[in-house]
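# Examination of the molecular architecture
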Amino acid sequence: MAAGLTVVVDYGLCNIDSMIRALEECGATQVERTRDPRQVDRADRIVLPGVGNFAAAMRNLKDWGLLTSIKARSASREVPFLGACLGMQLMATSGEEGSTAGPIEGLGLVDGEVVKLQQQNADERIPHIGWNEVARKGHSGLFDGIPEAGDFYFVHSYHMKLRTESAEAGRTPVCGGFTSAIALTDKPIFGTQFHPEKSQKNGFQLLRNFLAV
Amino acid sequence: MLKARIIPTLLFKDVGLVKGVSFDSWRRVGAAMQSVRVYNLREVDELVFLDIAATPSGQRPNFHEIDDLADNCFMPMTVGGGVKTIEDIRDLLAVGADKVAINTAAIDTPELIRDGAREFGSQCIVISIDVRRGEGGKPETATHCGRQLAGRDPVEWAKQVEHLGAGEILLTSVERDGAMQGYDIDLVRDVTAAVNIPVIASGGCGNYAHMAEVLTQTRASAVAAASIFHFTEQTPREAKKFLAANGIRVRL
């Protein structure tokens, strides 16, 4: 069981229900979806789920006052944060999706930029859709109890190019290899490019690991 | 490496699941919830759920039903049938669809593909292309659950939907559907060679060898199948064991 309030931030584009149900299945006792910055302010854990367009998502987070709350809460060392899929991308310094006028500012929780995946050969397709393995890096604890190079479900066209290599927690061998999970070394801040809530056994174990932080 | 996906297709009509032959002669094959729960326990790679009555009867997607199903579905789910507007896409994603399949409305209003991709990202916009072979075996794109011809070459249409921002193509042969005699290899080969987005081959699967055939002879990223799971003892898990034994990368 993971006590305390886990908020799943709803920025109007995502499949929020799946994440909420998965967190509940994994033992979170109080899970709430929210668009209210005040809920973020009192959360014990914050989850930012995926799906959508970077620019559209940042616009909503800003307009609804969520941006300031998320940044303030994740600056503390006590509030675990998990971004999944687009949620991980939004953690970056900037992203190019949905903008013709140069990169758009992200949450800035991790030093990196979100760029389009580049196909390396005709067998690689973009978007990257389906089950692919994640080779773990570092000692984040995010992959504890999960087989090495376990498969997770991906559905995305963009990826985060990290500038701080120490934040890389997982790597996936497609399009020349990209960072598929991140974990900061000094704060309980995590991100997964894959969808843990849709990745069955491996994904649920990862969510349990997050809830146990 | 990315694994080939084995995707059961669930066709929903009125109150339950059906399966037909060539988009006709529908037989009832059980309740949707029961199937979703079974596939969830079996940890299938992904599910495709299509409401085949929605477009012909002019209805919106059945959001309530899909909401219930998605609550019991901890695997990726593509939902289609009756999707006409950005609001339909938004509402389906909100109730738990991971990807939204669009067929007839994409032909009628191609800008829906572009707008959907802009708002929600290409990765969740799946264009369903149904193909009938006409005179001399010429492939033609069909809409309205296979009933009308759109007057478009499927390969050209596939290129166009990719250009507009579609993230994936669900390619179904209407004649092969339910016949269990194998996928339309030529069609899948031509479409997968023409685009760089993933293509799910659909229509005609009768055994595991058919899956291996389409996955090795074309660039299909996934195979969809229905009849073999409804009417035979064959299962997605056994299919993957067979494919792995034949050198195809799958998630076991």
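These lines cover the structure that appears in this document, whether it is placed above or below.

This next bit is on the overall build of chain A. Across its full length, chain A carries six helices and 14 strands. Its C-alpha atoms give chain A a radius of gyration of 16 Å, within 12% of the compact-globule value 17 Å for 213 residues. Its C-alpha atoms give chain A principal-axis dimensions of roughly 45 × 45 × 30 Å. Each of the 213 residues in chain A was classed as buried or not, and the buried ones make up 63%. Here chain A has roughly 7700 Å² of accessible surface; of this, 46% comes from carbon and sulfur atoms.

Turning our attention to the pairing of strand β11 (residues 158-162) of chain A. Residue and element names in this part refer to chain A. The buried count for β11 comes to four of five residues, which makes it a mostly enclosed element. Alignment of strand β7 (residues 112-116) against β11, held across five bridges, turns out to be antiparallel. Counterpart to E113 in the pairing with β11 is K161.

In this assembly, 40 residues from chain B lie in contact with 39 residues from chain A. Carbon and sulfur atoms make up 48% of the area that chain B and chain A hide from each other, which totals about 3200 Å². Taken together, chain B and chain A are joined by five salt bridges. Here the residues of the side of chain B that touches chain A are counted per class, giving 17 nonpolar, eight polar and 15 charged.

Here we come to the state of the cysteines. Evaluation of the coordinates by the stated rule reveals zero disulfides over all chains. Unpaired in terms of disulfides, A:C85 finds its nearest cysteine sulfur in B:C124, a separation of 9.8 Å. A:C85 gets classed as buried once you look at its relative accessible area, which sits at 5%. Given a relative accessible area of 0%, B:C124 falls into the buried group.

Let us now look at the pairing of strand β6 (residues 99-102) of chain B. On a regular strand, one side chain projects to one face of the sheet and the next to the other, so that they alternate. All names here are of chain B. Residues K99 and A101 of β6 are buried on one face, and the alternating residues V100 and I102, pointing to the opposite face, are buried as well. As paired elements, strand β5 (residues 77-80) and β6 share three bridges and run parallel to each other. Note that in β6 the partner of G80 across the bridge is A101. The handedness of the β5 to β6 crossover, carried by helix α3 (residues 86-95), is right-handed. Here three bridges tie β6 to strand β7 (residues 125-133), and the two strands are oriented parallel to one another. Across the sheet, the residue bridging to V100 is I125, located in β7.

All names here are of chain A. Among the ten residues of helix α3 (residues 54-63), seven are classified as buried, and the element is accordingly described as predominantly covered. Inspection of α3 places F54, A55, A56, A57, M58, N60 and L61 among the buried residues, and these make up the whole buried set. Between a side-chain oxygen at the N-terminus of α3 and the backbone nitrogen of A55 the separation is 2.9 Å; the capping residue is N53. Taken from the residues just after α3, G65 is the one with a positive phi, measuring 80°.

Here the focus is the environment of A:A169. With respect to the helices and strands, A:A169 occurs in strand β12 (residues 168-172). For the pair A:A169 and A:R73, spaced 96 residues apart in sequence, the C-alpha separation works out to 22 Å.

By size, the foremost hydrophobic cluster in this structure holds 108 residues, and its most contacted members are A:L90, B:F49, B:I89, B:I102, B:I127 and B:M211. Aside from chain neighbours lying at most four places away, what touches B:F49 is B:L10, B:F12, B:L17, B:A32, B:I66, B:L69, B:M77, B:T78, B:V79 and B:G80. Within the second largest apolar cluster, 35 residues are counted, among which are A:M19, A:V47, A:L117 and A:V134.

With that out of the way, let us pick up the pattern of salt bridges. Under the definition given, this model contains 31 salt bridges over all chains. Two residues, B:R28 and B:D14, come together in a salt bridge whose shortest N-O distance is 3.8 Å. Taken together, the residues B:R28 in strand β3 (residues 24-30) and B:D14 in the loop between β1 (5-13) and β2 (16-21) connect sequence positions 14 residues apart. Bridged by salt links that share partners, the residues A:D10, A:D17, A:R33 and A:R35 form one connected network.

Rules behind the numbers
Residues numbered from 1 in each chain as written. Chains lettered and ligands numbered in written order. Predicted model: local features only at pLDDT ≥ 70, side-chain atom pairs only at ≥ 80, totals over all residues. Heavy atoms only, no water. Helix = DSSP H or I, 4+ residues; strand = E, 2+ residues; numbered from the N terminus. Rg over C-alpha atoms; globule rule 2.2 N^0.38 Å. Buried < 20%, exposed > 50% of the residue type's maximum accessible area, 1.4 Å probe, protein only. Areas by Shrake-Rupley, 256 points an atom, 1.4 Å probe, with all protein chains shown as cover. Pairing = 2+ DSSP bridges. Contact = heavy atoms within 4.5 Å. Buried area = accessible area lost by both parts, 1.4 Å probe. Salt bridge = Lys/Arg side-chain N within 4 Å of Asp/Glu carboxyl O. Nonpolar A, V, L, I, M, F, W, Y, C, P; charged D, E, K, R; others polar. Disulfide = S-S within 2.5 Å. Right-handed = clockwise from strand over helix to strand, strands pointing away. Polar contact = N/O pair within 3.5 Å; in protein donor to acceptor, adjacent residues only side chain to side chain. Core = buried A, V, L, I, M, F, W, Y, C linked by side-chain atoms within 4.5 Å.

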